[in-house]
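Given next are the chains, with one letter for each unit.
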Amino acid sequence: MTREAAIGSRDAEPSVTPVTVSRWSRTASAFTGLCLVAVVVLAVVPYTIGGPAEQPLITLFTFIAMASQWNLLAGFSGLTSFGQNAFIGVGAYALYLVAGHGINPFGGIVLAAGVAAVVALPVSALVLRLSGGYFAVATLVVAATFQIIATLSPAVGGTTGVSVPGLAGYSDVLREALIYWSTLVVALVSVAGVYLLVRRTFGLDARAVGSDPVAAASSGVRVGRIRLLAYLVAAGGAGAVGALIALQTLYVEPTTVFNIQYSVDMLFMVLIGGMGTIEGPIIGALVLFALQETLSSYGAWYLVIVGGLAIVTTLAASRGLWGLASERFGWSLLPVGYRVRQKE
């Protein structure tokens, strides 16, 4: 090859644009810092504003925890459950039982979460054999079965229910403040825990399982282990929420703690906010909280409006409000995947 031909060959080679691969950004750093400031501000609310703000914020924190945990199941792992209220009820009754044995009710929240996860283990052996609509219906049946068991069990009050023991030594102000802080912690652990979990290898495997479990299995993903982990973590989180609800109401009764409305609320929040994201469930929780605060006095019309909003949002933005914003503006406040960008 002549010198001129060699030069021409080099000139014909396509230019390569250098790129960077990252999982973080300056926007994410700024948002994380803002969240830390917000947490500090929220933590001192009982000392500043007090009672008028505590109860609404307790409701909001509960919504955030519920939505984040359900999103781990449906949004990341492809397990659409209609029966997470089963483990909310288990957590509420577990708190009653551990508090009745002399354990501090607020410390019993962790134990209630553990009991719910343990109960979920044998249940998972049955329901995780199913998928799609069959799995969803099976979880609904499990919740109904748990409610019937609680109703027929005189040891936990049967149909009349039981009062949560161990709270007589707390004043109303102190008890509400402790419930507020406990709910804030559970919400933070739910969001941060799901975020850290899906940023690991589990996140990639869970997305693969949720998209196509057969293809994921053929690629070496342990489908059963991924589904089991997601199911147990979500069950434990729901148990903690159930314990918080028991502390808020001071009473545990089957039709209340096993109410399917909890599962409906989870579904609504994640669909509205955006499945498979960290930000989406938080946005969905804010939307449901705003609707409840402004429209709950309208009775049945509240349910009609919420249902209509869910339908409209699903048709107009199949990936939810955050999914729509992310696609249009490229926003990613809490990234869980890798981003490839050209070097400047």
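About the thresholds
Residues numbered from 1 in each chain as written. Predicted model: local features only at pLDDT ≥ 70, side-chain atom pairs only at ≥ 80, totals over all residues. Heavy atoms only, no water. Core = buried A, V, L, I, M, F, W, Y, C linked by side-chain atoms within 4.5 Å. Buried < 20%, exposed > 50% of the residue type's maximum accessible area, 1.4 Å probe, protein only. Helix = DSSP H or I, 4+ residues; strand = E, 2+ residues; numbered from the N terminus. Contact = heavy atoms within 4.5 Å. 1 Å grid on protein atoms, 1.4 Å probe; cavity = no way out; pocket = protein on both sides within 12 Å on 5 of 7 lines; lining within 4 Å. Points joined across faces, edges and corners; volume = space filled by probe spheres on them. Axes fitted to C-alpha atoms, helices over the stretch in contact; angles between N-to-C directions. Parallel < 35°, antiparallel > 145°, perpendicular 65-115°, else oblique. Nonpolar A, V, L, I, M, F, W, Y, C, P; charged D, E, K, R; others polar.

Novice: I keep staring at the nonpolar core and nothing clicks. Help me out?
Specialist: Ranked by internal contacts, the top residues of the largest apolar core, which has 95 residues, are Phe87, Tyr231 and Ile278. Ranked by the residues each element gives to this core, the list is headed by helix H4 (residues 51-77), at 15 residues. Once residues within four sequence positions are removed from consideration, Ile278 is found in contact with Phe76, Val191, Val194, Tyr195, Val198, Leu334 and Val336.

Novice: What is the right way to look at the layout of surface pockets in this model?
Specialist: If a probe the size of a water molecule is rolled over the atoms, the empty space left behind becomes visible. When its volume is computed, the largest pocket comes out at roughly 730 Å³. In terms of lining residues, the largest pocket is bounded by 27 residues, among which Cys35, Val39, Leu188, Val191 and Ile282 are the most central. Listing elements by their share of the lining of the largest pocket, those giving two or more residues are helix H2 (26-43), H4, helix H8 (172-198) and helix H14 (279-295). At 8 residues, H2 tops the list of elements feeding residues into the lining of the largest pocket.

Novice: Would you explain unusual backbone geometry in this entry?
Specialist: With glycine set apart, most residues show a phi of negative sign, and most peptide bonds adopt trans. One non-glycine residue, Leu250, adopts positive backbone phi at about 65°. Tracing the backbone through its elements, the reader meets Leu250 in the loop between helix H11 (223-249) and strand S3 (251-252).

Novice: I would appreciate a short explanation of the side chain of Ser77 in the present structure.
Specialist: Here Ser77 shows up in helix H4. Looking at Ser77, the relative accessible area reads 1%, which means it is buried. Ignoring anything within four residues of it in the chain, the contact list for Ser77 reads Leu72, Phe202, Ala206, Val209, Gly210 and Ala230.

Novice: Could you clarify how one ought to interpret the packing of H4 against helix H13 (residues 261-273) in this entry?
Specialist: Two packed helices can be described by the angle between their axes and the distance between those axes. At a minimum axis distance of 9 Å, the contact between H4 and H13 shows a crossing angle of 75°. One element, H4, and the other, H13, form an angle in the roughly perpendicular class. Mapping the contact onto sequence places Phe63, Met66, Ala67, Trp70 and Asn71 in H4 and Tyr262, Asp265, Met266, Leu267, Met269 and Val270 in H13. Here the residues of the contact of H4 with H13 sort into 9 nonpolar, 1 polar and 1 charged.

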